[in-house]
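Working through the structure, step by step
Listed below are the residues making up each chain.
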Amino acid sequence: MAEGDAGSDQRQNEEIEAMAAIYGEEWCVIDDCAKIFCIRISDDIDDPKWTLCLQVMLPDEYPGTAPPIYQLNAPWLKGQERADLSNSLEEIYIQNIGESILYLWVEKIRDVLIQKSQMTEPGPEVKKKTEEEDVECEDDIILACQPESSVKALDFDISENRTEVEELPPIDHGIPITDRRSTFQAHLAPVVCPKQVKMVLSKLYENKKIASATHNIYAYRIYCEDKQTFLQDCEDDGETAAGGRLLHLMEILNVKNVMVVVSRWYGGILLGPDRFKHINNCARNILVEKNYTNSPEESSKSLGKNKKVRKDKKRNDH
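Conventions and cut-offs
Residues numbered from 1 in each chain as written. Predicted model: local features only at pLDDT ≥ 70, side-chain atom pairs only at ≥ 80, totals over all residues. Heavy atoms only, no water. Helix = DSSP H or I, 4+ residues; strand = E, 2+ residues; numbered from the N terminus. Buried < 20%, exposed > 50% of the residue type's maximum accessible area, 1.4 Å probe, protein only. Areas by Shrake-Rupley, 256 points an atom, 1.4 Å probe, with all protein chains shown as cover. Phe/Tyr/Trp six-rings, centres within 6.5 Å; stacked < 30°, edge-to-face > 60°. Expected span 1.5 Å × (residues − 1). Arc of directions from axis to C-beta. Salt bridge = Lys/Arg side-chain N within 4 Å of Asp/Glu carboxyl O. Polar contact = N/O pair within 3.5 Å; in protein donor to acceptor, adjacent residues only side chain to side chain. Patch = residues over 30% accessible without salt bridge, like charges linked within 9 Å, V, L, I, M, F, W, Y side chains within 5 Å. Axes fitted to C-alpha atoms, helices over the stretch in contact; angles between N-to-C directions. Left-handed = near helix turned anticlockwise from the far one by under 90°. Contact = heavy atoms within 4.5 Å. Nonpolar A, V, L, I, M, F, W, Y, C, P; charged D, E, K, R; others polar.

1. With respect to the overall build of the protein
What the protein contains, in helices and strands, is 10 helices and 10 strands. Taking all 318 residues of the protein together, 44% fall into the buried category. Only carbon and sulfur atoms are counted for the fraction: they give 49% of the accessible area of the protein, which is about 17,400 Å².

2. What to know about the packing of aromatic side chains
Inspection of every chain in the model, using the stated rule, returns five aromatic pairs. Relative to Trp76, the ring of Trp50 has its centre 5.2 Å away and its plane inclined at 80 degrees; by these criteria the two rings are edge-to-face. Taken as a pair, Trp50 in the loop between β2 (36–42) and β3 (51–57) and Trp76 in the loop between β4 (69–73) and α2 (79–95) lie far apart in primary sequence, 26 residues in all. Each member of the pair, Trp50 together with Trp76, is buried. Ring geometry for Tyr70 and Trp105: centres 5.1 Å apart, planes at 70 degrees, overall edge-to-face. On the criterion of sequence distance, the pair formed by Tyr70 in strand β4 and Trp105 in helix α3 (residues 102–119) is long-range, its members being 35 residues apart.

3. Digging into helix α7 (residues 242–253)
The end-to-end C-alpha distance of α7 is 17 Å, a good match for the 16 Å that 12 residues give at a rise of 1.5 Å each. Along α7, the positions that sit buried rather than exposed are Ala242, Gly243, Leu246, Leu247, Leu249, Met250 and Leu253. The arc that holds the buried residues of α7, viewed along the axis, is 155 degrees, so those residues lie on one side. Positive backbone phi, at 55 degrees, marks Asn254, one or two positions downstream of α7.

4. Observations concerning the pattern of salt bridges
Per the stated rule, a full pass over the model turns up 12 salt bridges. The closest approach of N and O atoms between Lys35 and Asp9, which form a salt bridge, is 3.1 Å. A residue pair is termed long-range when its members are at least 10 positions apart, and Lys35 in the loop between β1 (27–31) and β2 and Asp9 in helix α1 (residues 2–23) qualify at 26 residues. The exposure class of Lys35 is buried, given its relative accessible area of 12%. Its salt-bridge partner being Glu81, residue Lys116 comes within 2.7 Å of it at the nearest N-O pair. Here Glu81 lies in helix α2 and Lys116 lies in helix α3, a separation of 35 residues in the sequence. Given a relative accessible area of 13%, Lys116 falls into the buried group. When salt bridges that share partners are traced, they join Asp179, Arg180, Asp274 and Lys277 into one network.

5. Remarks on the environment of Arg275
The residue Arg275 is located in helix α8 (residues 274–289) in this model. Residue classification places Arg275 among the buried residues on the basis of a relative accessible area of 4%. For the pair Arg275 and Ser182, spaced 93 residues apart in sequence, the C-alpha to C-alpha distance is 8.8 Å. At a separation of 2.9 Å, a polar atom in the side chain of Arg275 contacts the side chain of Glu239.

6. Some points on a nonpolar patch on the surface
Together, Ile22, Tyr103 and Leu104 give the surface a local cluster of nonpolar side chains, amounting to about 280 Å² of exposed area. Among the structural elements, Ile22 can be located in helix α1.

7. Side note on the packing of α2 against α3
At their nearest, the axes of α2 and α3 sit 10 Å apart, and the two run at 145 degrees to each other. Read as a crossing pair, α2 and α3 show a hand that is right-handed. Contacts from Glu81, Leu85, Ser88, Leu89, Ile92 and Tyr93 of α2 reach α3 at Leu104, Trp105, Lys108, Ile109, Val112 and Lys116. Taken together, the residues of the contact of α2 with α3 break down into eight nonpolar, one polar and three charged.

8. A closer look at unusual backbone geometry
Note the cis peptide between Tyr62 and Pro63, where omega equals 5 degrees. Among the structural elements, Pro63 can be located in the loop between β3 and β4. Backbone geometry at Lys35 places phi at a positive 60 degrees, although glycine is not the residue there. Notably, Asn257 is not glycine yet its phi reads approximately 55 degrees, a positive angle. By the element assignment, Asn257 lies in the loop between α7 and β10 (258–265). Residue classification places Asn257 among the partly exposed residues on the basis of a relative accessible area of 23%.

As structure tokens, then:
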């Protein structure tokens, strides 16, 4: 059994190396240990009209006795069209049991996209969905490979009176939190103007793993000394209300001149409200670690004041 496992592992590694060599930046490693990968497939590399993201997880038994676990993501892929494509992939597996099939799957999907571009109108605009908004189509939810949209949408109105800072600030990365195959990781950078916020986001998106995250939620708070006020904003990136919750946490912690980005890689299982807890925990941990709050106890002191008053009153009543 051990020899079989070693053989499967070697064959998987060889196939992974081949896919990375063939597809380059289109191929993203999501979780190397769990063998989770994502590839963005288009009908035309230079001028894509139709695009689809294929996420695969390779079980220990693949390719010998089990197929890859896969998910397909495209806003236009629904109903019979989704069923037909899934049937095609499963048919390829049945015809090639025991063989490595990722290349065959990718090229089959590309053929479908090419045929679609020749037969139909231009592709639809891509719009991310929060997982609760798409519960009925749970299979549609996947690691979205559309990082460009977030960067392009970030169009700050920088005041002429504000000194522009050209230097990219240092970026720190927090310890990931994983729950039911979803992974959350916070990234932090000191910022003193909106231009730096944009620079940090652009730099983060140069990392293929971060760019392939299902959501990159962020918030920032910049203290304006001259006006004695905060310049602050947030972005949900498709995870409804997550950016506002993150900004609220930063307000409670009273942090300033800092931005936090939380990447979330969706693992196929809905987490419900727990996902907001993980997003804020990631953010709080890195803010504390980098000394943007005095201490976890002090940052929660204001939140606990009312509780303490109630406890003292209860104690006096007794």
